[in-house]
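# Results of the structural survey
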Amino acid sequence: MIKFLLKGLIRDKSRSRLPIIVVSIGVMLTVLMHAYITGFMGDIIETNARFSHGHLKVMTRGYADNMQQIPNDLALVNVSSLTGELNQQFPGVEWSPRIQFGGLIDAPDENGETRSQGPAMGIGLDLLTPGSPEINRLNLEKSLVRGHLPANQGEVLLSEVFSKKLNVNPGDRITFIGSTMYGSMAIYNFILSGTVSMGHEALDRGTIIADIEDVRLALDMDNAAGEILGFLEGGFYLDEIAVEETEKFNSANPGNTDDFTPVMNSLSQQGTMNTYVSMAKSWSAYISLIFIFAMSLVLWNAGLLGGLRRYGEVGIRLAMGEEKDHIYRTMIYESVMIGIAGSAIGTIFGLFFAWLIQRYGIDISGIMKGSSIMMPTVIRARISPVDFYLGFIPGLFSTVIGTMLSGIGIYKRQTARLFKELEA
Amino acid sequence: MIMKNILILTAVTLLTSGLAGQNAEEILKKVESNVSSDNRIFESTMIIHGTRTNRTITAKTYSVGDKQSFTEYLSPAREQGTKMLKLENQLWIYSPSSDRTIQISGHMLKQSVMGSDLSYEDMMDDRKLTEVYSATVAGEEVIDGRNTWILELTAKVSDVAYYSRKMWIDTERYVPLREELYARSGQLLKRTTLSEVKMIDGRWFPTKIIYKDILKQGDGTEFNITSVKFNQSIPDYIFTKAALKQ
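Cut-offs and rules
Residues numbered from 1 in each chain as written. Chains lettered and ligands numbered in written order. Predicted model: local features only at pLDDT ≥ 70, side-chain atom pairs only at ≥ 80, totals over all residues. Heavy atoms only, no water. Helix = DSSP H or I, 4+ residues; strand = E, 2+ residues; numbered from the N terminus. Buried < 20%, exposed > 50% of the residue type's maximum accessible area, 1.4 Å probe, protein only. Contact = heavy atoms within 4.5 Å. Areas by Shrake-Rupley, 256 points an atom, 1.4 Å probe, with all protein chains shown as cover. Pairing = 2+ DSSP bridges. Expected span 1.5 Å × (residues − 1). Buried area = accessible area lost by both parts, 1.4 Å probe. Salt bridge = Lys/Arg side-chain N within 4 Å of Asp/Glu carboxyl O. Polar contact = N/O pair within 3.5 Å; in protein donor to acceptor, adjacent residues only side chain to side chain. Nonpolar A, V, L, I, M, F, W, Y, C, P; charged D, E, K, R; others polar. Phe/Tyr/Trp six-rings, centres within 6.5 Å; stacked < 30°, edge-to-face > 60°. Patch = residues over 30% accessible without salt bridge, like charges linked within 9 Å, V, L, I, M, F, W, Y side chains within 5 Å. Core = buried A, V, L, I, M, F, W, Y, C linked by side-chain atoms within 4.5 Å. Domains from an automatic or database assignment. Axes fitted to C-alpha atoms, helices over the stretch in contact; angles between N-to-C directions. Left-handed = near helix turned anticlockwise from the far one by under 90°.

Here we come to the overall build of chain B. When you go through chain B residue by residue, the secondary structure sums to 4 helices and 13 strands. When the backbone C-alpha atoms are referred to their principal axes, chain B occupies close to 80 × 40 × 35 Å. In chain B, which comprises 246 residues, the share counted as buried stands at 48%. Long-range contacts, defined as pairs at least 24 residues apart, comprise 45% of the intrachain contacts of chain B with a sequence gap of at least 6. For chain B, the exposed area adds up to about 12600 Å²; of that, 52% sits on carbon and sulfur atoms.

Here is the structure:
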């Protein structure tokens, strides 16, 4: 019977083409929207992870308690051996020591006197080791505006906006003034190798990016680092896995309350990110649910209309003596087929468009001017396993339910009046 | 009768408080004449008891009155050759590793000197206490077997790092033995303990000072004056920016 129904659908385009197109469009929009929302929410998380939070972060307990102040006097020491241990204990995670620091950047004139000066926030990370993933992680190559990436010790990057404010160019000498790990004044010379535009207003205001070894020299932090960031396999933040890893690490020192004990926090356990991660989860679910519900109504109506449109056909079939149950069943089978076909086509198209947005992104830099939060200026979709079956909820079930509802009318038709209806 | 008693009590209170106020000013003047001089050269050791390690920094300081001072750090290796020059209300620091002379101003003055419990602001504010604060005697106390007056100082000018201070002054030698520095809100910011008071060139001089920044972690900073010479001949070029790079 399925073969018979399938033939009917293929031959009678009015029964298949439009319903399939409607279902496909609905499913495509559902899949695309879900991937876009997941990507948008995830992008903010990943941006924060790459620049400052990591998916996981190891730091001392004292540092973790006062993280907003970046207390490098409470930094981790013997970092090379700690990183080795982390690599052994968590083989799937990429670990990168970082030093965040603050201070002043001073540009001297030809006499060595201060010409211009401005407050800076700095990131010290591995820039000089060949193949270091940090350059890609911060997207430095693409962010470069002038000059080149640091290739030698002592070279640094400044944000383009900041370099213009200080009136310095690649090749110029600049001096960092800040505090060492021990609280002494740090005065350290760098050569500006290039300028970058990170695409984040908050970062572009006054950022200095230097190799971690240079920062260690400047801040008297031999083999030390404020934090060691961990990035999960696959490059995407998964809260459940991250929290599990932190529990595994922290259970090694349960009773140790010493300020210098290393502790691990997941991204969601750092500052306000917890609120954001839970908000992202619930918002993503709510927005998707609302959209799926709306699409379900549309497709349900499509199914309903499809059923009503076949009022005459049903009448003839009843007049010819076909059983009401049989007609009802065949209409449901047909709607299942249309639902499956439409959902499959819609999912394929939805995934294709989502992939395009995932790969090329949508540039929203124009509306991000003046923003103080760390948000990406290019929004990308993110295809997740859910997207492969999510479209079937409105595509298949709503269409079938719509047909089932409209089909109830079959049982209300009176055979005696059928010919009169058909004559009309 | 009751009214008479009240009047007598009020008169006595006013009289004693007035006398105490006057005494406090005199005490402060005597303290200032004890610890200040036309010029001095001293060598010091600063032991900074940090959260993780203790660091010892040695330095040699030349100063003339309360307007000019020049300090050269002698050790450890990282700080060696770092120099600081104070002229009036300006402060410069020279870093030999970067060959830069930086003027310390604005919020940088609040920063710690070499990671100690002293800020640059503390070093800068050398004005006489009697010029900046009005003082009253709040009581007496015995500290380490020495009788002291407790002086409460309240700022009478606005550009002052600490709104109020509490000082314990040795009644015999006129040197402070303890001091507490407060913000306008009443929050205790720093505590100083002075000891090892020695007679040097006819004046009593505390040679060991322990500073504790209450808002800073660590166990404070111990400042020991290892040698001090008063009224020396100091060449004028010492107090120039050119001397920083020499």
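Still more to cover.
A few words on the pairing of strand 7 (residues 185–196) of chain A. Residue and element names in this part refer to chain A. Strand 7 sits mainly inside the fold: 9 of its 12 residues count as buried. With 3 bridges joining them, strand 4 (residues 144–147) and strand 7 adopt antiparallel strand pairing. Within strand 7, the residue paired with glycine 147 across the bridge is glycine 194. Two elements, strand 5 (residues 155–159) and strand 7, share 5 bridges in a ladder whose sense is parallel. Paired with glutamate 155 across the two strands is isoleucine 191, which belongs to strand 7. The pairing of strand 6 (residues 173–179) with strand 7 spans 7 bridges and is antiparallel. Bridging from a neighbouring strand, phenylalanine 176 pairs with tyrosine 188 of strand 7.

In an α-helix, one turn spans 3.6 residues, which is why side chains three or four residues apart end up on the same side. If you check helix 13 (residues 324–360) of chain A, its first and last C-alpha atoms are 53 Å apart, about what 37 residues at 1.5 Å a residue would give, namely 54 Å. Once helix 13 of chain A finishes, A:Gly361 follows within two positions and takes phi at roughly 70 degrees, a positive value.

Listed by partner, the interface residues are 23 residues for chain B and 31 residues for chain A. Interface area for chain B against chain A, summed over the two sides, is near 2000 Å², with a carbon-plus-sulfur share of 46%. It is B:Arg52, B:Arg78 and B:Arg100 that lose the most area in chain B upon contact with chain A, and together they represent 35% of the buried surface on that side. Where chain B touches chain A, the interface holds 3 salt bridges. With its nearest N and O atoms 3.3 Å apart, the salt bridge here joins B:Lys241 to A:Glu113. The tally of links from chain B across to chain A stands at 15 residue pairs in polar contact (both at pLDDT 80 or more). Those elements that provide at least two residues to the side of chain B that touches chain A are strand 5 (90–95) and strand 6 (100–104) of chain B. The greatest single-element share of the side of chain B that touches chain A, amounting to 4 residues, is contributed by strand 6 of chain B. When the residues that make up the side of chain B that touches chain A are grouped by side-chain class, the tally is 6 nonpolar, 11 polar and 6 charged.

Residues and elements named next belong to chain A. Counted by the stated rule, this structure contains 10 aromatic pairs over all chains. Relative to phenylalanine 176, the ring of phenylalanine 101 lies with its centre 5.2 Å away and its plane at 90 degrees, an arrangement referred to as edge-to-face. With phenylalanine 101 in strand 2 (residues 94–108) and phenylalanine 176 in strand 6, this pair connects stretches of sequence that are 75 residues apart. The class for phenylalanine 101 is buried, based on a relative accessible area of 4%. Looking at phenylalanine 176, the relative accessible area reads 1%, which means it is buried. A centroid spacing of 6.5 Å and a plane angle of 25 degrees characterise the contact between phenylalanine 352 and tryptophan 355, whose relative ring orientation is stacked. Here phenylalanine 352 and its partner tryptophan 355 are both found in helix 13, 3 residues apart, which amounts to about one turn of the helix.

Below, the discussion takes up the pattern of salt bridges. Residues and elements named next belong to chain A. Inspection of the entire model under this criterion finds 21 salt bridges over all chains. Residues lysine 248 and glutamate 245 are paired through a salt bridge, measuring 3.1 Å at the closest nitrogen-oxygen approach. On the criterion of helical spacing, the pair formed by lysine 248 and glutamate 245 is a turn pair, its members being 3 residues apart in helix 10 (residues 239–250). Note on glutamate 245: relative accessible area 13%, which makes it buried. Look at the salt bridges and you will find they share partners, linking Glu94, Arg98, Glu134 and Arg137 into a network.

Looking now at helix 14 (residues 392–407) of chain A. In this model helix 14 of chain A runs 21 Å from its N-terminal to its C-terminal C-alpha over 16 residues, within 8% of the 22 Å that 1.5 Å per residue would give. Among all positions in helix 14 of chain A, only A:Pro394, A:Gly395, A:Leu396, A:Ser398, A:Thr399, A:Val400, A:Gly402, A:Thr403, A:Ser406 and A:Gly407 are buried.

Quick look at a nonpolar patch on the surface now. All names here are of chain A. On the surface, Phe293, Leu297, Trp300, Ile393, Phe397, Ile401, Met404, Leu405 and Ile408 cluster together to form a nonpolar patch covering roughly 810 Å² of accessible area. Breaking the nonpolar patch down by element, the ones donating at least two residues are helix 11 (273–309) and helix 14. Sort the elements by how many residues they give to the nonpolar patch and helix 14 lands first, with 5 residues. For isoleucine 401, the position within the fold is in helix 14.

Our focus in this paragraph is the nonpolar core. Residue and element names in this part refer to chain A. Ranked by size, the top nonpolar core spans 53 residues in total, and within it Val58, Leu86 and Trp95 carry the most contacts. Looking at which domains feed residues into this core, each of domain 1 (2–47 + 276–423) and domain 2 (56–231) supplies at least three. Beyond its immediate stretch of four places on either side in the chain, valine 58 contacts Leu76, Leu82, Leu86, Trp95, Gly226, Glu227, Ile228, Phe249, Pro262, Val263 and Met264.

Before going further, it helps to examine the packing of helix 12 (residues 311–319) of chain A against helix 13 of chain A. Residue and element names in this part refer to chain A. Where helix 12 meets helix 13, the closest approach of the two axes is 10 Å, and the angle between their N-to-C directions is 145 degrees. For the pair helix 12 and helix 13, the sense of crossing is right-handed. Residues Val314, Arg317 and Leu318 of helix 12 form the contact with helix 13, whose own contacting residues are Lys324, Ile327, Thr330 and Met331. Taken together, the residues of the contact of helix 12 with helix 13 break down into 4 nonpolar, 1 polar and 2 charged.

So, about the pairing of strand 6 of chain B. All names here are of chain B. Judged by how many residues are buried, strand 6 sits mostly within the fold: 4 of 5 residues are covered. By the bridge criterion, 5 bridges tie strand 5 to strand 6 in an arrangement that is antiparallel. By the bridge assignment, isoleucine 93 is partnered in strand 6 with isoleucine 102. In this antiparallel pair of consecutive strands, strand 5 and strand 6, the connection spans 4 residues, and aspartate 99 shows a positive phi of 55 degrees.

Checked against the element boundaries, A:Gly409 lands in helix 15 (residues 409–412). Through-space distance from the C-alpha of A:Gly409 to that of A:Tyr328 is 9.5 Å; in sequence the pair is 81 residues apart.

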